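# Coordinate analysis (summary)
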Amino acid sequence: MPKPRLSVVVTRRLPEVVETRLAELFDVTLRSDDGKMTRAELAEAMKSADVLVPTVTDEIDSALIGQAGGRLKLIANYGAGVDHIDVATARQHGILVSNTPDVLTDDTADMTMALILAVVRRMPEGLAVMQTGDWSGWAPTAFLGGRLGGRRLGILGMGRIGQAVARRAAAFGMQVHYHNRRRLRSETEQELAATYWESLDQMVARMDILSINCPATPSTFHLMNARRLKLMKPEAVIVNTSRGEVIDENALTRMLRAGEIAGAGLDVFERGHELNPRLRAQNNVVLLPHMGSATVEGRVEMGEKVIINIKTFDDGHRPPDQVIPSML
Ligand code: 8YV
């Protein structure tokens, strides 16, 4: 008797090639449209499936996990960040959690550099003048931004993505500084030519650009609170391609409006897609719709990682990208 196929529920539309492969391997339920599942649909899926494939837009909290019943064995997240999943409660219920690290590192680091360039070189203002037809021609003092070379970049969170940002920044001639829960090995520090700051406050006060690259956890919530934002130099810029919750968005908005901080490049927001409307009105801000990892290649590779995690689990082994609470 062949083994019955695992039942897998995917909460959002994924690239076609990924959906096709999932359907070849598993008894998969796919979405017919790209809308988010309601909480009731999620609860139902978690009762009926062996494996759930959620994304960052699904809040898998302790209440949902508690209602899952005994069938669900694996939450194979399509994405690296797992702050939307209560990993500790899942573990208590014997449900494994896996994610998709590595494959979105370069894309997210590229987008971090794009945001830094866009803010420091005032690209939205240039774009706006071209789109409205208001450009009256070249002028020696128009649209003057800053030169990246020689600037001090402070990276908050020196994991895979932070390190990929450091490599790119070095190629732009920037001086790389970082703060991290754990100091890097000295060989890695040397390779990245990165200066470690044990005190986040002291680093923040001295940087020209601050890049947020740490995950959202209870200990990073509002790490950049009003007090710390105020330590930044008024001519400094902050960019965030990680999670909105790391910055107190209202405090940042107030400071941007008051000219107490020069600019911001934000791909993520504190309340998902409901951003502070005052942020939108600022011309020293570049806002993107959480597209840091949005490349065709990255999305397919994320799907391949999900498939490998499920397949390995199905074969009786631990998924290679299993997330355990102590890692967070
Ligand atoms: C993904 C991300 O697009 O992987 C992450 O943690 O933030 C994004 O870049 C998203 O999570 C997909 O679920």
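Of the pockets and cavities examined, the second largest pocket occupies roughly 250 Å³. Those elements giving two or more residues to the lining of the second largest pocket turn out to be helix H5 (105-120), helix H6 (123-132) and strand S12 (285-287). Ranked by residue count, the leading element in the lining of the second largest pocket is H5, at three residues. Residues of the lining of the second largest pocket, tallied by class, amount to nine nonpolar, four polar and five charged.

A word on the pairing of strand S1 (residues 7-10). Burial along S1 is two-sided: Ser7 and Val9 facing one way and Val8 and Val10 facing the other are all buried. Alignment of S1 against strand S2 (residues 27-29), held across three bridges, turns out to be parallel. Within S2, the residue paired with Ser7 across the bridge is Asp27. Following the chain from S1 across helix H1 (residues 16-25) to the adjacent parallel S2, one finds a crossover that is right-handed.

Let us now look at the domain arrangement of the protein. In terms of domain boundaries, the protein breaks down into domain 1 (7-102 + 295-327) and domain 2 (105-287). Computed over C-alpha atoms only, the centres of domain 1 and domain 2 are separated by 31 Å. Facing the eight residues of domain 1 at the interface are six residues of domain 2. Both faces considered, domain 1 and domain 2 share a buried interface measuring about 560 Å² in area, 34% of it formed by carbon and sulfur atoms.

Attention now goes to the sheet that holds S12. Taken in spatial order, the seven strands line up as S8-S7-S6-S9-S10-S11-S12 in an open sheet, and their pairing is parallel. A single partner strand is all that each edge strand has here, and the edge strands are strand S8 (194-196) and S12. Here the average twist between neighbouring strands, direction ignored, is 20°. Bridge count for strand S10 (residues 237-240) against strand S11 (residues 263-266) is four bridges, and the pairing is parallel. Paired with Asn240 across the strands is Leu266, a residue of S11. Along the sheet face, H5 touches strand S6 (152-156), strand S9 (209-212), S10, S11 and S12 and points at about 150° away from the line of S10. Together, S10, S11 and S12 form the strand contacts of helix H11 (residues 249-257), whose direction differs from that of S11 by roughly 140°.

What follows deals with the pattern of salt bridges. Evaluated as defined, the whole model comprises 24 salt bridges. Across the pair Glu125 and Arg122 runs a salt bridge, and its minimum N-O distance is 2.8 Å. A salt bridge links Arg271 to Glu270, with the nearest nitrogen and oxygen atoms 3.8 Å apart. For Glu270, a relative accessible area of 15% corresponds to the buried category.

Rules used in this analysis
- Residues numbered from 1 in each chain as written.
- Predicted model: local features only at pLDDT ≥ 70, side-chain atom pairs only at ≥ 80, totals over all residues.
- Heavy atoms only, no water.
- 1 Å grid on protein atoms, 1.4 Å probe; cavity = no way out; pocket = protein on both sides within 12 Å on 5 of 7 lines; lining within 4 Å.
- Points joined across faces, edges and corners; volume = space filled by probe spheres on them.
- Helix = DSSP H or I, 4+ residues; strand = E, 2+ residues; numbered from the N terminus.
- Nonpolar A, V, L, I, M, F, W, Y, C, P; charged D, E, K, R; others polar.
- Buried < 20%, exposed > 50% of the residue type's maximum accessible area, 1.4 Å probe, protein only.
- Pairing = 2+ DSSP bridges.
- Right-handed = clockwise from strand over helix to strand, strands pointing away.
- Domains from an automatic or database assignment.
- Contact = heavy atoms within 4.5 Å.
- Buried area = accessible area lost by both parts, 1.4 Å probe.
- Axes fitted to C-alpha atoms, helices over the stretch in contact; angles between N-to-C directions.
- Salt bridge = Lys/Arg side-chain N within 4 Å of Asp/Glu carboxyl O.

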